[in-house]
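Chain residues, written in single-letter form:
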Amino acid sequence: RFHQIKDKEITKEQHLGRGTRTNIYAGWLKVHSSLEDDDDESNNNHRNVKGIRVVLKILDQSHKDIALAFFETASLMSQVSHCHLVFVHGVSVKGSENIMVEEFVEFGPLDVLLHREKAHVTPQWKFTVAKQLASALCYLETKRLVHGNVCGKNILVVRKGLEEGMSPFVKLSDPGISQSALSRAERVERIPWIAPECIADGARIRSAADQWSFGATLLEICNNGDLPISGSTLPEKERFYETQSRLAVPSSQELASFISMCLTYDPAARPSFRTILRELTEIQIKNPDISSECESLPD
Ligand code: ATP
Ligand code: MG
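A few points on the structure. (Residues numbered from 1 in each chain as written. Chains lettered and ligands numbered in written order. Predicted model: local features only at pLDDT ≥ 70, side-chain atom pairs only at ≥ 80, totals over all residues. Heavy atoms only, no water.)

1. Brief notes about the pattern of salt bridges
Applying the stated criterion across every chain, the model contains 10 salt bridges. The salt bridge partner of Glu103 is Lys171, with a shortest N-O separation of 2.9 Å. Placement of the pair is Glu103 in strand β6 (residues 97-103) and Lys171 in strand β8 (residues 169-172), with a sequence separation of 68 residues. In this pair, the class of Glu103 matches that of Lys171, namely buried. (Salt bridge = Lys/Arg side-chain N within 4 Å of Asp/Glu carboxyl O. Helix = DSSP H or I, 4+ residues; strand = E, 2+ residues; numbered from the N terminus. Buried < 20%, exposed > 50% of the residue type's maximum accessible area, 1.4 Å probe, protein only.)

Shown next, in the form of structure tokens:
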């Protein structure tokens, strides 16, 4: 269900960070000459004698169930092909070490970029990014696949497009270990991106969960990489969902009601990604100022 990569085909270089039970490294994947031509454009300048530039996600030493959940994700990502979804080359199993080998994305996570470049980011730029994310999720929706971990950190920037006349290009990263294998605390930690119905033990994750996460991520984008509640303690986060609290939405009326629709506690009431894409385009044409400060929604 996914390509097996041999240990000797990969080279590990610098440590990039830690994820959910993972360590991420930059690295190289050796290419066979037969593969040399059919490669995605974005990789062309990421290639030299060492091969293609990749990211190696090394799973922490863990229980078999977690390894299975990790392989499940690799398999999901290997089944899909979309310009706004990160490319997973395959998995390498080296002794007890499980490594996901993934396309290296030059400018890293969107939340970090937004923090750093907020002064240069325009509302149109944000809409472009939001539409690219929605198009990837719309594609998954038509395939009846759920991502399950949509957030600013998991959107990777291929092209910044901050110069005049340029536009950004982003890709949604793999979701990591599937939600069902995470601990309750790990799920609560993901509030407010994780959908409320996914907190309960044994919850079956459905497509509508991504619609909530999309709403939260759009808000994060509007707020230049910040999201209220994301830094709160676990009990505070639990309480936020238990009381069905609402996140503050932008002051632009149309955008506010659109985001609120995604952030509805009733999963069935959230818009499909088909609708989301259409609405985003309509709102974008009107070009509201989405960078303005937020206002709280009444409970
Ligand atoms: P999670 O499942 O929680 O998303 P993860 O294993 O995907 O966990 P992240 O926290 O998403 O880990 O990523 C850790 C860091 O690794 C990011 O902040 C980013 O700097 C880097 N990174 C991850 N994926 C890539 C990639 N494809 N290209 C470049 N850098 C990446
Ligand atoms: Mg990630």
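2. Some points on the packing of helix α5 (residues 207-222) against helix α7 (residues 253-262)
Contact geometry of α5 with α7 gives a least axis separation of 7 Å together with a crossing angle of 145 degrees. Each of Gln211, Trp212, Phe214, Gly215, Leu218, Leu219 and Cys222 in α5 lies in contact with α7, whose residues at this interface are Leu255, Phe258, Ile259 and Cys262. Broken down by class, the residue content of the contact of α5 with α7 amounts to 9 nonpolar, 2 polar and no charged. (Axes fitted to C-alpha atoms, helices over the stretch in contact; angles between N-to-C directions. Contact = heavy atoms within 4.5 Å. Nonpolar A, V, L, I, M, F, W, Y, C, P; charged D, E, K, R; others polar.)

3. Considering the side chain of Ser178
Residue position: Ser178 is located in the loop between β8 and α4 (184-189). Setting aside anything within four residues of it in sequence, one finds Ser178 in contact with Ala69, Glu72 and Thr73.

4. Concerning the site of ligand 1
Lining the immediate environment of ligand 1, one finds 20 residues, of which Thr20, Thr22, Lys57, Val105 and Lys153 sit closest. Contact between ligand 1 and Arg18: an oxygen atom at 3.5 Å from a main-chain N or O atom of the residue. Residue Asn149 places a side-chain N or O atom 3.5 Å away from an oxygen atom belonging to ligand 1. When ligand 1 sits alone it has 620 Å² of accessible area, and the protein chains cover 90% of it. (Near = heavy atom within 4 Å. Polar contact = N/O pair within 3.5 Å; in protein donor to acceptor, adjacent residues only side chain to side chain. Areas by Shrake-Rupley, 256 points an atom, 1.4 Å probe, with all protein chains shown as cover.)

5. Section: the layout of surface pockets
The calculated volume of the largest pocket comes to roughly 580 Å³. Lining the largest pocket we find 27 residues, and of these Ile24, Lys57, Pro109, Lys153 and Leu156 sit closest to its centre. Elements that contribute at least two residues to the lining of the largest pocket include exactly β1 (10-19), β2 (22-29), β4 (51-59) and β6. Top element by residues in the lining of the largest pocket is β1. It accounts for 4 residues. Class assignment for the residues of the lining of the largest pocket results in 10 nonpolar, 9 polar and 8 charged. (1 Å grid on protein atoms, 1.4 Å probe; cavity = no way out; pocket = protein on both sides within 12 Å on 5 of 7 lines; lining within 4 Å. Points joined across faces, edges and corners; volume = space filled by probe spheres on them.)

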